[in-house]
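Spelled out from the first residue to the last, the chains are:
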There are 2 protein chains.
Amino acid sequence: MGLIGGSLLRALAAGGHWVIGWDLDPATRAMARTAAAQAPKESRWQVSASIADAVTTADLVVIATPLTAVAHVLDEVAGAGFAGLVTDVVSVKEPVRELVARRLRGAGLRLAGYVGGHPMAGKETAGFAATDPALFHGCAWVLCLDQETSLDDWLALARLLTSLGARVVPATSEDHDHAVAAVSHVPHLLAVALATAIGEPLAGTLAAGSFRDGTRVAGSAPELIASMCGGNAGPVLDALDAVMGQLDDVRDALESDDPIGAVRRWAGPAHTARTNWPYGWGAPRQLPASPDHLLALGRDGGWITAVSSDGRTVTAARPVPEGRPL
Amino acid sequence: MGLIGGSLLRALAAGGHWVIGWDLDPATRAMARTAAAQAPKESRWQVSASIADAVTTADLVVIATPLTAVAHVLDEVAGAGFAGLVTDVVSVKEPVRELVARRLRGAGLRLAGYVGGHPMAGKETAGFAATDPALFHGCAWVLCLDQETSLDDWLALARLLTSLGARVVPATSEDHDHAVAAVSHVPHLLAVALATAIGEPLAGTLAAGSFRDGTRVAGSAPELIASMCGGNAGPVLDALDAVMGQLDDVRDALESDDPIGAVRRWAGPAHTARTNWPYGWGAPRQLPASPDHLLALGRDGGWITAVSSDGRTVTAARPVPEGRPL
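### Quick word on the overall build of chain A
- Of regular secondary structure, chain A possesses 13 helices and twelve strands.
- Its C-alpha atoms put chain A at 70 × 50 × 40 Å along the principal axes.
- Buried positions account for 52% of the 326 residues belonging to chain A.
- Contacts spanning at least 24 positions in sequence make up 74% of the contacts within chain A whose residues lie at least 6 apart.

Spelled out as structure tokens, the structure:
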């Protein structure tokens, strides 16, 4: 029941769902219980004493832990005989997919369904005290659509998450892991590398806006950064090498006879890309709810905002340069 | 009369000073004239038709251009026979110091004094429309105290800038250039290198907080980034190599047998440094206004907030971990 799990607990409860939370930390459980008692009656949640107690009567289990804890939680969920749908919010998807294949599907019990998920809603704050039931409004939430994923499970979860205001992005686990390595995991590594610069007191005093923003996520827990990046090491190495290639290029530019002109030429394309980002929403339209259509939408940077009641179509939007602002 | 020069024009006018602005761009001059006419009578400024017109009757000339324009402006100022005090707000100081030595002091006219300056108040917005007379309130403003700097000139300028609410930081040009390379110029290069990642549409859609903040200053004009970094190439290369050394270390960590543990150990010290930054204000105290005392203060990360009326002492503060928040 940290930032993501706790916010989801509160968002689902506010949406009228019956929700039970559990956390390894007794103090967090106590805090969540107190907060539940203070919430309006119609949007209260429960806090259980164990994972087994939480999952026995549930339709859906959401695992909202660091990657390092997922294997243990899956074992507990399988051990409790859970046969509903499992999702997670871990920021890397192939390793969780592998754990599910080994731990959940190999448990010899009734089979639970699994759809990997990842809401792009992380912040540098943490813990139940930082939770916000509106955290997912407008946020991009990847739901993985892999070979083994049941489309019905995927659509059921997409329906639930779009009801919280999330923009659900269909992607394979592999495509997800490469994309987030580039736009989420490597930014954390750059922030940490940059933050070492304030060792000198004069530098610490002169550090201002560009340093503050460039290092903000170095304030994230090192455990979280390590779990994200170390748990996605292959794609992160690829994305890091791409950035280091850019830095090698600007190193050459700085050493050239015309450093100002060379740095300007180097910075131009990224400046244009960043100034145009993010694109806004294109006009929503109906798409057939097939894996091919959904994955093509996701590769184009698109998302869905609703699933039709018969599950045959989805409401889809794509980013366009002059679209409605995000 | 861009972000810094225009904000200073307005701040000085609001402080009761008689201020004349000039800009290369006729549209900016027209905008500044219109804004002056709409300002309260007691805090209006003037806009001149040429550099010579602006400086003839002035006590102080502030050069608020990119580095690439400084030589031309210095020639104009010297050509107009200006013999008062010159300062600048360029983000790199050794190159301006060299230009002053060659252009201003070698002009064979009456000698103008020079004190290099740099307010740490940059933003990704630009132009007169973005100006703000309160921009310098609480901002760290380096004033360079080099071998050839007149202490009287330095104190006169420090008195003026502290009256605008700036925290004036004494430093040599060389120490300044190394510090800002690490905490301001390299962050711009990392932002640009990172911004190239949104070439893939899926990545552009999944990019969220860490990407937004880590690339914010890639929105700065490429000319400005090039002028800052290319104009300070030596110190920037040193600082860039330090960051790339950190990235090499995390590359090794990601390739190790225990990537999660190794990344966690790597990220720990920078996380602590960033979480503790910035320190707050220590208790203000009086210091003798001597170059040695001032430079020692600056090396410790300290600043001054006032100059005594007789110019013999300054009010100084140092950053301390549990100090009054900045």
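Moving on from the coordinates now.
### Some thoughts on the interface of chain B and chain A
- Contact residues are listed per partner, giving 87 residues for chain B and 87 residues for chain A.
- Per-element tally for the side of chain B that touches chain A: the top contributor is helix H7 (residues 173-195) of chain B, with 16 residues.
- Broken down by class, the residue content of the side of chain B that touches chain A amounts to 53 nonpolar, 22 polar and twelve charged.

### Description of the domain arrangement of chain A
All names here are of chain A.
- The assigned domain composition of chain A is domain 1 (3-135) and domain 2 (177-276).
- Look at where the C-alpha atoms of domain 1 and domain 2 centre, and you get two points 32 Å apart.
- Each partner contributes residues to the interface: domain 1 has ten residues there, and domain 2 has 14 residues.
- Secondary-structure elements contributing two or more residues to the side of domain 1 that touches domain 2 are helix H4 (67-79) and helix H5 (94-104).
- Taken together, the residues of the side of domain 1 that touches domain 2 sort by class into five nonpolar, two polar and three charged.

### Here we look at the relation of the copies chain B and chain A
- After a rotation of 180° and a shift along the axis of 0.0 Å, chain B superposes on chain A with an RMSD of 0.0 Å. Here the transformation between the copies is reduced to the relation of a two-fold axis.
- A shared binding surface is used by both copies, with 100% of the interface residues of chain B retained as interface residues in chain A.

### So, helix H7 (residues 173-195) of chain A
- Its 23 residues give H7 of chain A an end-to-end C-alpha distance of 31 Å, which sits within 8% of 33 Å, the value for a rise of 1.5 Å per residue.
- Most of H7 of chain A is tucked away: 22 of the 23 residues are buried.

### Observations regarding the nonpolar core
- Of all hydrophobic cores here, the largest spans 227 residues; its most connected members are Leu206 and Val263 of chain A together with Leu206 and Val263 of chain B.
- Setting aside residues no more than four positions away along its own chain, Val263 of chain B makes contact with Ile225, Ala226, Cys229 and Gly230 of chain A together with Val250, Ala253 and Leu254 of chain B.

### A few points about the environment of Ile51 of chain A
Residues and elements named next belong to chain A.
- Take Ile51: it is sitting in helix H3 (residues 51-55).
- C-alpha separation for the pair Ile51 and Val61, spaced ten residues apart in sequence, amounts to 10.0 Å.
- If we skip the residues at most four places from it in the chain, Ile51 touches Trp22, Val73, Glu76, Val77 and Ala80.

### Some points on unusual backbone geometry
- A cis amide bond links Trp277 of chain A to the next residue, Pro278 of chain A, at an omega of -10°.
- Position of Pro278 of chain A relative to the elements: it lies in the loop between helix H12 (259-276) and strand E8 (280-281).

### Quick word on the pairing of strand E4 (residues 85-88) of chain B
Residue and element names in this part refer to chain B.
- By the alternation rule, side chains of E4 split into Leu85 and Thr87 and Val86 and Asp88, which are all buried.
- The pairing of strand E3 (residues 60-63) with E4 spans four bridges and is classified as parallel. When the bridges of E4 are listed, Val62 appears paired with Thr87.
- For the crossover that starts at E3, traverses helix H4 (residues 67-79) and ends in the parallel E4, the hand is right-handed.

### What about the packing of H7 of chain A against helix H11 (residues 233-255) of chain A?
All names here are of chain A.
- At their nearest, the axes of H7 and H11 sit 8 Å apart, and the two run at 65° to each other. H7 and H11 meet at a crossing whose hand is right-handed. In this structure, H7 contributes Asp177, His178, Ala181, Ala182, His185, Val186 and Leu189 to the contact, and H11 contributes Pro235, Val236, Asp238, Ala239, Leu240 and Val243.
- For the contact of H7 with H11, the residue count by class is nine nonpolar, two polar and two charged.

### What about the packing of helix H10 (residues 222-230) of chain A against helix H12 (residues 259-276) of chain B?
- Taken N-terminus to C-terminus, the directions of H10 of chain A and H12 of chain B make an angle of 140°; their axes are 8 Å apart at the nearest point. Relative to H12 of chain B, H10 of chain A is oriented oblique. The handedness of the crossing between H10 of chain A and H12 of chain B comes out as right-handed. Taking contact as the criterion, the partners of Pro222, Glu223, Ile225, Ala226, Ser227, Cys229 and Gly230 of chain A in H10 of chain A are, on H12 of chain B, Pro259, Ile260, Val263, Arg264, Ala267, Gly268 and His271 of chain B.
- For the contact of H10 of chain A with H12 of chain B, a count of residues per class yields eight nonpolar, four polar and two charged.

### Let's talk about the pairing of strand E7 (residues 167-171) of chain B
Residue and element names in this part refer to chain B.
- Counting buried residues along E7, five of its five residues qualify, which places the element largely inside the surrounding structure.
- A two-sided burial pattern is seen for E7, the buried positions comprising Arg167, Val169 and Ala171 on one face and Val168 and Pro170 on the other.
- By the bridge criterion, five bridges tie strand E6 (residues 140-144) to E7 in an arrangement that is parallel. Paired with Trp141 across the two strands is Val168, which belongs to E7.
- The parallel pair E6 and E7 is bridged by helix H6 (residues 151-162), and the resulting crossover is right-handed.

### Concerning H6 of chain B
All names here are of chain B.
- With twelve residues, H6 should reach 16 Å at 1.5 Å per residue; the first-to-last C-alpha distance of 16 Å fits that figure.
- Restricting attention to buried positions, one finds in H6 the residues Trp154, Leu155, Leu157, Ala158, Leu160, Leu161 and Thr162.
- Packing partners of the buried residues in H6 comprise E4, strand E5 (113-119), E6, E7 and strand E10 (303-307).

### Section: the environment of Ala54 of chain B
All names here are of chain B.
- Relative to the assigned elements, Ala54 resides in helix H3 (residues 51-55).
- Spatially, the C-alpha atom of Ala54 lies 13 Å from that of Ala83, the residues being 29 residues apart in sequence.
- Once residues within four sequence positions are removed from consideration, Ala54 is found in contact with Ile20, Trp22 and Ser48.

### Comments concerning the environment of Leu155 of chain B
Residues and elements named next belong to chain B.
- Here Leu155 lies in helix H6.
- For Leu155, a count of 21 C-beta atoms within 10 Å puts it in the buried group.
- Setting aside its immediate chain neighbours within four residues, Leu155 contacts Ala289, Val307 and Gly311.

### Focus on the confidence of the model for chain A
- In this model, chain A carries a mean pLDDT of 94, and residues with pLDDT of at least 70 account for 98%.
- Here the predicted complex scores 0.86 on pTM and 0.93 on ipTM.

Quick notes on the rules
Numbering of residues starts from 1 in each chain and follows the order in which that chain's sequence is written. Lettering of chains starts at A and numbering of ligands starts at 1, both following the order in which they are written. In view of the model being predicted, local features appear only for residues whose pLDDT reaches at least 70, and side-chain atom pairs are presented and counted only at 80 or more, with totals across whole chains, interfaces and linings using the full set of residues. Think of it this way: any DSSP run of H or I at least four residues long counts as a helix, any run of E at least two long counts as a strand, and we number them from the N terminus. Exposure criterion: with C-beta atoms placed from backbone coordinates, a residue whose C-beta has 20 or more other C-beta atoms within 10 Å is buried, one with 12 or fewer is exposed, and one in between is partly exposed. By the criterion used throughout, residues are in contact when their C-beta atoms, derived from the backbone, lie within 7 Å. Amino acid classes used here: Ala, Val, Leu, Ile, Met, Phe, Trp, Tyr, Cys and Pro are nonpolar; Asp, Glu, Lys and Arg are charged; the rest, including Gly, are polar. An automatic or database domain assignment supplies the residue ranges for each domain. To superpose the copies, least squares is applied to the C-alpha atoms of every residue with a pLDDT of at least 70 in both. Each residue after the first adds 1.5 Å to the expected span of a helix. Put simply, a nonpolar core is buried Ala, Val, Leu, Ile, Met, Phe, Trp, Tyr and Cys residues tied into one set by C-beta atoms within 7 Å. Two strands are said to pair when DSSP picks up at least two bridges between them. A crossover counts as right-handed when, viewed with the strands pointing away from the observer, the path leading from the first strand over the helix to the second turns clockwise. Simply put, an axis is a line fit to the C-alpha atoms, just over the touching stretch for a helix, and the angle between two N-to-C directions goes from 0 to 180 degrees. In this scheme the handedness of a crossing depends on how the near helix is turned from the far one: anticlockwise by less than a right angle means left-handed, clockwise means right-handed. Note on angle classes: values under 35 degrees are labelled roughly parallel, values over 145 roughly antiparallel, values of 65 to 115 roughly perpendicular, and the remainder oblique. By definition, pLDDT measures how confident the predictor is in each residue, and it falls between 0 and 100.

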